[in-house]
Amino acid sequence: MMFRSLRIFNYRTWFVGALISNVGAWMQGTALSWTVLTVLTMNDATAVGINMALQFGPQLLLVPITGLIADKYDRRKVLLWTQSGLGVLALALGIIVVTGVVELWMVQVFALAFGTVQAFDTPARQAFVSEMVGKGDIANAVALNSASFHGARLIGPAVAGLLIAFLAPGPVFLINAATFLAMIVALLRMRVSELQPSPRGAKGFRDIAQGFRYVRRRDDLVVVFVMAFILGTFGLNFPIYISTMTSVEYLSDADVFGILSSAMAIGSVTGALLAARAERPRWTLVIGGLGAFSVACAAAAWSPHIVVFGAALALAGFTAQLFMTNANATVQLTSAPEMRGRVMALYGAVFMGGTPIGAPIVGWVADEFGPRWGIMVASVTCLLAFVIGAIWWARARRADRMSRTGTLTLGSPTESVDIVR
């Protein structure tokens with residue numbers, strides 16, 4: 001059943017709050033990229049890349065601490081603090097934009113502040129999913145979370161584009177600040193007695209290294225992490241790709257930018273809902289999804305018309321989502337419960353923490369050689385990631401055939417989970 005996790009009150013409450021909050025987040029992301037690109041600079045893609053780097057850099061730098069927090073403390077209470085902090089930051093940013101005092105350096109400071117709070121929010125939020133639904137529905141809940149996130153992308157960028165075109169970017173930031181209330185209310189309304197808290201596997205800073213050692217012993221996790229790092233570093237810089245293609249190649253405005261972002265979201269939602277139908281993640285979709293994403297990026301890069309570009313973006317969103325949903329569920333399902341917070345912190349770090357490296361590079365390529373070559377960076381690097389995953393998978397299947405038939409067992413000697421091929 002595609003929506004089976006929604007039968008659970010706590011997850012249903014979470015889903016509604018997250019959907020509202022995600023709409024606001026996508027509205028702000030669209031307004032922020034457009035403001036930096038066209039208001040605070042003269043189509044400077046490098047500036048957009050630096051802004052993204054500041055936002056995602058803390059996830060990499062703070063990973064030891066954020067994973068420890070997610071495993072040591074009550075994750076629901078951690079999320080109440082982080083969501084409140086993000087709401088306050090969004091309100092402050094909205095005020096300086098509306099009053100017209102905003103400058104580029106201010107936006108960069110806020111990007112760094114958002115990234116710091118999100119570094120604590122992400123592992124707690126991802127590990128909290130299992131507490132709401134239990135192990136049997138993790139894969140479905142992860143897929144529905146992705147559907148919510150990208151479903152909001154259908155609405156947020158399009159609404160933001162219209163508001164920017166007819167009014168100004170300022171109101172968009174204030175609306176995002178208000179949407180954080182939905183997530184806070186959802187967390188407060190949860191039935192705490194129905195949560196299924198994981199064992200607290202971290203007691204102090206000496207336990208930080210356990211997460212690194214745990215992942216290092218797991219070849220399957222290492223491969224997923226490598227592929228996720230390459231995709232997150234070079235493949236998912238779509239605020240740069242879409243904004244520069246819109247303004248430079250197709251000479252269009254913010255409303256078109258919003259519509260193109262929503263076009264990509266159509267593919268992402270479709271991919272997430274397809275993943276939600278499966279009870280277990282599939283390695284064919286983890287690896288094959290990344291290979292197909294590389295092809296979709298190449299098609300987007302050389303699209304002769306903006307309509308073709310929009311269709312290629314939808315395909316890119318669909319294929320990227322196949323990888324992301326199945327990879328996330330694989331990491332969660334095959335990780336020991338008491339290690340899950342630290343493992344998810346590491347996963348978030350390698351997935352999004354590479355953005356400080358990739359976004360400025362992609363922005364520089366787009367400035368120097370054109371937006372189309374910026375997208376080709378994503379295509380070529382993700383093709384390399386696909387090759388790495390395919391080689392590992394072929395070797396794993398060969399070893400599996402030599403030992404037994406049936407499903408491929410992944411995991412440490414004491415913690416194995418069957419993942420569908």
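Residues numbered from 1 in each chain as written. Predicted model: local features only at pLDDT ≥ 70, side-chain atom pairs only at ≥ 80, totals over all residues. Heavy atoms only, no water.

> Would you mind going over the packing of helix α1 (residues 9–39) against helix α10 (residues 238–249) with me for this structure?
The geometry of a pair of packed helices is captured by two quantities: the angle between their axes and the separation between those axes. The interhelical angle for the contact between α1 and α10, taken along N-to-C directions, is 50 degrees, at an axis separation of 10 Å. The pairing of α1 with α10 is recorded here as oblique in orientation. α1 and α10 meet at a crossing whose hand is right-handed. Contacts from Ser33, Trp34 and Leu37 in α1 reach Pro239, Ser243, Thr244, Thr246 and Ser247 in α10. Considering only residue class, the contact of α1 with α10 consists of three nonpolar, five polar and no charged. (Axes fitted to C-alpha atoms, helices over the stretch in contact; angles between N-to-C directions. Helix = DSSP H or I, 4+ residues; strand = E, 2+ residues; numbered from the N terminus. Parallel < 35°, antiparallel > 145°, perpendicular 65-115°, else oblique. Left-handed = near helix turned anticlockwise from the far one by under 90°. Contact = heavy atoms within 4.5 Å. Nonpolar A, V, L, I, M, F, W, Y, C, P; charged D, E, K, R; others polar.)

> Looking at this structure, I do not really get the nonpolar core. What am I missing?
Across soluble globular proteins, you tend to see nonpolar side chains buried next to one another. Counting 94 residues, the largest nonpolar core has Phe225, Met227, Phe238, Phe323 and Tyr347 as the members making the most contacts within it. Once residues lying within four places of it in the same chain are set aside, the contact partners of Tyr347 are Gln126, Val224, Phe225, Ala228, Met324, Ala327, Asn328 and Val331. Core analysis: the second largest hydrophobic core is formed by 27 residues, Trp14, Met132, Ala139 and Met190 among them. (Core = buried A, V, L, I, M, F, W, Y, C linked by side-chain atoms within 4.5 Å. Buried < 20%, exposed > 50% of the residue type's maximum accessible area, 1.4 Å probe, protein only.)

> What should I look at first to understand a nonpolar patch on the surface in this one?
The grouping of Leu91, Ile95, Val98 and Leu174 at the surface amounts to a nonpolar patch, some 320 Å² of accessible area in total. Top contributing element to the nonpolar patch by residue count: helix α4 (residues 75–98), with three residues. Within the fold, Val98 resides in helix α4. (Patch = residues over 30% accessible without salt bridge, like charges linked within 9 Å, V, L, I, M, F, W, Y side chains within 5 Å. Areas by Shrake-Rupley, 256 points an atom, 1.4 Å probe, with all protein chains shown as cover. Salt bridge = Lys/Arg side-chain N within 4 Å of Asp/Glu carboxyl O.)

> Would you take a moment to explain the packing of aromatic side chains for this structure?
Each pair of aromatic rings is reported with the distance of its centres and the angle of its planes. Taken as a whole, this structure holds nine aromatic pairs when the rule is applied. Aromatic side chains Phe238 and Tyr241 sit 5.1 Å apart centroid to centroid with 90 degrees between the ring planes, which places their arrangement in the edge-to-face category. Of the two residues, Phe238 and Tyr241 are both situated in helix α10; the distance of three residues between them amounts to about one turn of the helix. The same class applies to Phe238 as to Tyr241, namely buried. (Phe/Tyr/Trp six-rings, centres within 6.5 Å; stacked < 30°, edge-to-face > 60°.)

> How do you make sense of the packing of helix α2 (residues 45–61) against helix α15 (residues 355–369) when you look at a structure like this?
The contact between α2 and α15 brings their axes to 7 Å, and the two run at 175 degrees. With respect to their mutual orientation, α2 and α15 come out roughly antiparallel. On α15, the residues touching Ala45, Thr46, Gly49, Ile50, Met52, Ala53, Phe56 and Gly57 of α2 are Thr355, Pro356, Ala359, Pro360, Gly363, Trp364, Ala366 and Asp367.

> Any chance you could explain α10 here in plain terms?
One turn of an α-helix holds 3.6 residues; hence residues three or four places apart share an orientation. Among the twelve residues of α10, nine are classified as buried, and the element is accordingly described as predominantly covered. Taken as a whole, α10 has its buried residues at Phe238, Ile240, Tyr241, Ile242, Ser243, Thr244, Met245, Thr246 and Ser247. Residue Leu251 follows α10 closely and has a positive phi angle near 50 degrees.

> Looking at this model, I keep getting lost on the pattern of salt bridges. Mind explaining?
Pairs may arise between side chains of opposite charge once their charged atoms sit close together. On inspection of all chains with the given rule, the structure shows five salt bridges. A salt bridge links Glu131 to Arg75; the nearest nitrogen and oxygen atoms lie 3.1 Å apart. Taken together, the positions of Glu131 in helix α5 (residues 104–133) and Arg75 in helix α4 put the pair 56 residues apart, joining distant regions of the chain. Like Arg75, Glu131 is buried. One salt bridge in this structure joins Arg218 and Asp220, with 2.9 Å as the shortest N-O distance. Taking relative accessible area as the criterion, Arg218 reaches 1% and is therefore assigned buried. The class of Asp220 is buried, set by a relative accessible area of 4%.

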